[in-house]
Amino acid sequence: MLPKKVEKILNDQIQKEDYSSQLYLSMASWAENKGFEGVSSWLYAQAEEERLHMLKFVKYVNDRDGVAVIPGLDTPPAGFGDVFEMFDKVLAHEKFISGSINEIVAACISENDFTTQNWIQWFVTEQIEEEASVKTIIDKLNLLGKNNLYMFDRDIMSMRGGGGAAPAV
Ligand code: FEO
């Protein structure tokens, strides 16, 4: 049985993962309309991955006799400046998600919920990989510079690392 405090923070995370999926879907659509085929493919794949993260939380809460609450959709922003600004926003968002995963770990410890603390470790590792993967992309983007965006767009899908693996729900 999940402690109520843990059930609540896991439900909050369901909303955050769902929003992550919507945010990256909006970025994918924005990039597609700007002609960045590779960047949009990366973001569409990222949006799917975030949806799988959300499902992983839903299944876990229900499996532990909690009640997973499916959130309504928050409208994400529709404009992202340029590709450089957009990836800075992706990294900032992933850092925000890492912070909220850490808060779940803290809640598990304060409630002596060592089962959830063990389960959430997958996400702790995933966030290390996701942040590293986006940082690598930003480094590559800065190396190539704005005159080589065609090359960046062509190659970005080959930069999907281990963090891109879809988790089992
Ligand atoms: Fe599900 Fe990218 O955090």
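Residues numbered from 1 in each chain as written. Predicted model: local features only at pLDDT ≥ 70, side-chain atom pairs only at ≥ 80, totals over all residues. Heavy atoms only, no water.

### Some details on the overall build of the protein
Consideration 1: When helices and strands are counted, the protein shows 6 helices and 0 strands.
Consideration 2: Ordered by position from the N terminus, the helices and strands of the protein form the series α-α-α-α-α-α.
Consideration 3: The C-alpha radius of gyration of the protein comes to 17 Å, within 12% of the 15 Å expected for a compact globule of 169 residues.
Consideration 4: Dimensions of the protein, computed from C-alpha atoms along their principal axes, come out at roughly 55 × 30 × 25 Å.
Consideration 5: Sorting the 169 residues of the protein into buried and exposed places 48% on the buried side.
Consideration 6: Carbon together with sulfur atoms contributes 54% to the accessible area of the protein, which is approximately 8,500 Å² in total.
Consideration 7: Between the averaged position of the 16 positive side-chain charges in the protein and that of its 26 negative side-chain charges there is a distance of 1 Å. (Helix = DSSP H or I, 4+ residues; strand = E, 2+ residues; numbered from the N terminus. Rg over C-alpha atoms; globule rule 2.2 N^0.38 Å. Buried < 20%, exposed > 50% of the residue type's maximum accessible area, 1.4 Å probe, protein only. Areas by Shrake-Rupley, 256 points an atom, 1.4 Å probe, with all protein chains shown as cover. Lys, Arg positive; Asp, Glu negative; His and termini not counted. Charge placed at Lys NZ, Arg CZ, Asp CG, Glu CD.)

### Concerning the confidence of the model for the protein
Consideration 1: A residue-level look at the protein finds 95% of positions with pLDDT of 70 or above and a mean pLDDT of 94.
Consideration 2: In this model, residues 163-167 is a region of pLDDT below 50 whose contacts with residues beyond four sequence positions or in other chains number 11 contacts. (pLDDT = per-residue confidence, 0-100. Contact = heavy atoms within 4.5 Å.)

### Side note on helix α1 (residues 4-33)
Consideration 1: Taking 1.5 Å of rise per residue, 30 residues should cover 44 Å, and α1 covers 44 Å from first to last C-alpha, within 8% of that figure.
Consideration 2: Just beyond α1, the residue with positive phi is G35, at close to 90°. (Expected span 1.5 Å × (residues − 1).)

### Looking at the side chain of T116
Consideration 1: Tracing the backbone through its elements, the reader meets T116 in helix α4 (residues 114-119).
Consideration 2: Excluding its chain neighbours within four sequence positions, the residues that come into contact with T116 are L2, V6, L10, Y60, R64 and C108.

### Observations concerning helix α3 (residues 83-110)
Turn by turn, an α-helix covers 3.6 residues, leaving residues three or four places apart pointing in a common direction.
Consideration 1: Its 28 residues place the ends of α3 41 Å apart at the C-alpha level, agreeing with the 40 Å of an ideal helix rising 1.5 Å per residue.
Consideration 2: Between the side-chain oxygen at the start of α3 and the backbone nitrogen of F84 there is a gap of 3.1 Å, and the oxygen is on D82.
Consideration 3: A positive backbone phi angle near 55° is found at N112, which sits one or two residues after α3. (Polar contact = N/O pair within 3.5 Å; in protein donor to acceptor, adjacent residues only side chain to side chain.)

### Brief notes about the nonpolar core
Consideration 1: Core analysis: the largest hydrophobic core is formed by 25 residues, its most contacted members being V39, L43, F87 and F152.
Consideration 2: Leaving out residues up to four positions away in the same chain, F152 has contacts with V39, V83, F87, I137, K140, L141, L144 and M159.
Consideration 3: Residues I14, Y60, I104 and F123 belong to the second largest nonpolar core, which totals 20 residues. (Core = buried A, V, L, I, M, F, W, Y, C linked by side-chain atoms within 4.5 Å.)

### Topic: the pattern of salt bridges
Note that side chains of opposite charge can pair when their charged atoms are close.
Consideration 1: If you walk through the whole model with that rule in mind, you get 5 salt bridges.
Consideration 2: Ionic pairing is found between D12 and K8, a salt bridge with its closest N-O pair at 2.9 Å. One end of the pair is D12 and the other is K8, both in helix α1 and 4 residues apart, which spans about a single turn.
Consideration 3: Accessibility expressed as a relative area gives 29% for D12, which makes it partly exposed. (Salt bridge = Lys/Arg side-chain N within 4 Å of Asp/Glu carboxyl O.)

### Section: the side chain of H93
Consideration 1: Note on placement: H93 falls in helix α3.
Consideration 2: For H93, the side chain forms a polar contact with the side chain of S20, separated by 2.8 Å.
Consideration 3: Excluding residues that lie within four positions of it along the chain, H93 makes contacts with Y19, S20, L23 and Y24.

### Here we look at the packing of α3 against helix α5 (residues 121-144)
Consideration 1: Orientation of α3 relative to α5, taken along the N-to-C sense of each, is 165°, at an axis distance of 10 Å. Classified by the interaxial angle, the pair formed by α3 and α5 is roughly antiparallel. The hand of the α3/α5 crossing is left-handed. Contact residues: V83, F84, F87, D88, V90, L91, E94, K95, I97, S98, I101 and V105 in α3; F123, V124, Q127, E130, E131, V134, K135, I137, I138, L141 and N142 in α5.
Consideration 2: Per-class residue counts for the contact of α3 with α5 are 14 nonpolar, 3 polar and 6 charged. (Axes fitted to C-alpha atoms, helices over the stretch in contact; angles between N-to-C directions. Parallel < 35°, antiparallel > 145°, perpendicular 65-115°, else oblique. Left-handed = near helix turned anticlockwise from the far one by under 90°. Nonpolar A, V, L, I, M, F, W, Y, C, P; charged D, E, K, R; others polar.)

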